[in-house]
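Chain by chain, the residues:
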Amino acid sequence: MPLTEKASAIAETELRKLNVKLIEPFSKIITFYADNPALMPNNRGAQPNGGEEHIKSLVRIFYKARTPIHPSKPKTVPDPMVAFILEHYFNMPVESLLKASDEHQLAMAAENMVGDLLERYLAQNLEPTGWVWCAGSVVKSVDFIKPPLSGSEVWTVLQIKNRDNSENSSSSAIRNGTMIEKWFRTYSRTGNTNWSNFPDKAVSPQLSEDNFQSFVKKYLIQLRSV
């Protein structure tokens, strides 16, 4: 049995236990692995890449990353020097420092969630048109893939960032010299949005900051009701 066929059978068996709706998108990811083996995450176990346990592990990561995620405050203890600087340079009253620290923790929790919400919003709009959200980083430095169009052998491969300055050097290095495109939502210096430059011109008219906010509001309301 060819590797792709074998891996698809393993993934299908696993996803029938978790969510059958994910069988089709993950089968496309497996086909992408076959065409682009360098972008398949390495197996950290004893088995080689593409082994049964490796495929099962990727399936579980993919499934878990698509389940709703609640915001959570950072578990790290705030550095007291931050409050010291606020008091002695910015003249913030001592009685306000505790509140500021708590609000900063909440802001960090919200900020940490924006990237995930952006991917979920895009997935809602892109997947009905054939794209696949590679939730859980199941493809190296890639967030969305789209199978080749009829008569083409080229996949459309997209990396998503929330801001134009949010890419780290490792993900940039992986993308350089590859077919991976990059798109970001906002410009860090102006706050302007970049929806009009989304690379899939068939979908971009549906994408906007207002629609993103509506999606996030609905998502958060549903989270709080659980």
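Only a predicted model underlies this, so the values are computations on that prediction, with no experimental measurement involved. (Residues numbered from 1 in each chain as written. Predicted model: local features only at pLDDT ≥ 70, side-chain atom pairs only at ≥ 80, totals over all residues. Heavy atoms only, no water.)

**Here's the deal with the packing of aromatic side chains**
Consideration 1: Under the criterion given, the structure shown has 11 aromatic pairs.
Consideration 2: With centroids separated by 5.1 Å and ring planes inclined at 80 degrees, the aromatic side chains of Phe32 and Trp155 adopt a geometry described as edge-to-face. In this pair, Phe32 sits in helix H2 (residues 23–35) while Trp155 sits in the loop between strand E2 (144–146) and strand E3 (156–163), placing the two residues 123 residues apart along the sequence. Neither Phe32 nor Trp155 differs from the other in exposure class; each is buried.
Consideration 3: For the pair Tyr89 and Phe90, a centre-to-centre distance of 5.0 Å together with 80 degrees between the ring planes defines the contact as edge-to-face. (Phe/Tyr/Trp six-rings, centres within 6.5 Å; stacked < 30°, edge-to-face > 60°. Helix = DSSP H or I, 4+ residues; strand = E, 2+ residues; numbered from the N terminus. Buried < 20%, exposed > 50% of the residue type's maximum accessible area, 1.4 Å probe, protein only.)

**What about the confidence of the model for the protein chain?**
Detailed conclusions should not be drawn from predicted coordinates in areas where pLDDT is low.
Consideration 1: Mean pLDDT over the protein chain stands at 90; residues scoring 70 or higher make up 92%.
Consideration 2: At the level of individual helices and strands, the protein chain shows its lowest average pLDDT in helix H6 (residues 169–175), which scores 45, and its highest in strand E1 (residues 132–133), which scores 98.
Consideration 3: Note that pLDDT drops below 50 for residues 169–177; the model gives that stretch 11 contacts with residues more than four away or on any other chain. (pLDDT = per-residue confidence, 0-100. Contact = heavy atoms within 4.5 Å.)

**Describing the environment of Pro37**
Consideration 1: Checked against the element boundaries, Pro37 lands in the loop between H2 and helix H3 (52–66).
Consideration 2: On a C-alpha basis, the gap between Pro37 and Val139 in space is 9.7 Å, while along the polypeptide they are 102 residues apart.

**A look at helix H5 (residues 94–126)**
Consideration 1: The terminal C-alpha atoms of H5 lie 49 Å apart, and with 33 residues this matches the ideal 48 Å at 1.5 Å per residue to within 8%.
Consideration 2: At Val114, H5 shows its maximal bend, which comes to roughly 35 degrees. (Expected span 1.5 Å × (residues − 1). Bend = angle between axes of the 7 residues up to and from the residue.)

**A closer look at unusual backbone geometry**
Consideration 1: Backbone geometry at Asn91 places phi at a positive 55 degrees, although glycine is not the residue there.
Consideration 2: Among the secondary structure elements, Asn91 is positioned in the loop between helix H4 (80–88) and H5.
Consideration 3: Exposure remark for Asn91: the relative accessible area of 63% places this residue in the exposed category.
Consideration 4: The phi torsion at Ser137 lies on the positive side, around 55 degrees, for a residue other than glycine.
Consideration 5: Following the sequence through the fold, Ser137 ends up in the loop between E1 and E2.

**Some points on the nonpolar core**
Consideration 1: Judged by nonpolar contacts, the single largest core of 50 residues is most densely connected at Phe26, Ile29, Leu122, Phe144 and Ile145.
Consideration 2: Of all the secondary-structure elements, those providing two or more residues to this core are helix H1 (3–18), H2, H3, H5, E1, E2, E3 and helix H7 (209–225).
Consideration 3: Element by element, the count of residues in this core is highest for H5, at 7 residues.
Consideration 4: The residues touching Leu122, leaving out its near neighbours within four places in the chain, are Glu127, Phe144, Ile160, Trp183, Trp195, Phe198 and Leu207. (Core = buried A, V, L, I, M, F, W, Y, C linked by side-chain atoms within 4.5 Å.)

**Thoughts on the pattern of salt bridges**
If the charged atoms of two oppositely charged side chains come close together, the side chains can form a pair.
Consideration 1: Applying the stated rule across the entire model yields 11 salt bridges.
Consideration 2: Lys56 serves as the salt-bridge partner of Glu52, at 3.2 Å between the closest nitrogen and oxygen. With Glu52 and Lys56 both in helix H3, this residue pair falls 4 residues apart, about one helical turn.
Consideration 3: Of the charged contacts, one joins Lys99 and Glu103 as a salt bridge, the two residues approaching to 3.9 Å between their closest N and O atoms. Here Lys99 pairs with Glu103, and both are found in helix H5, just 4 residues apart, close to one helical turn.
Consideration 4: The class of Lys99 is exposed, set by a relative accessible area of 56%.
Consideration 5: Taken together, the shared-partner salt bridges connect Glu14, Lys17 and Arg60 into one network. (Salt bridge = Lys/Arg side-chain N within 4 Å of Asp/Glu carboxyl O.)

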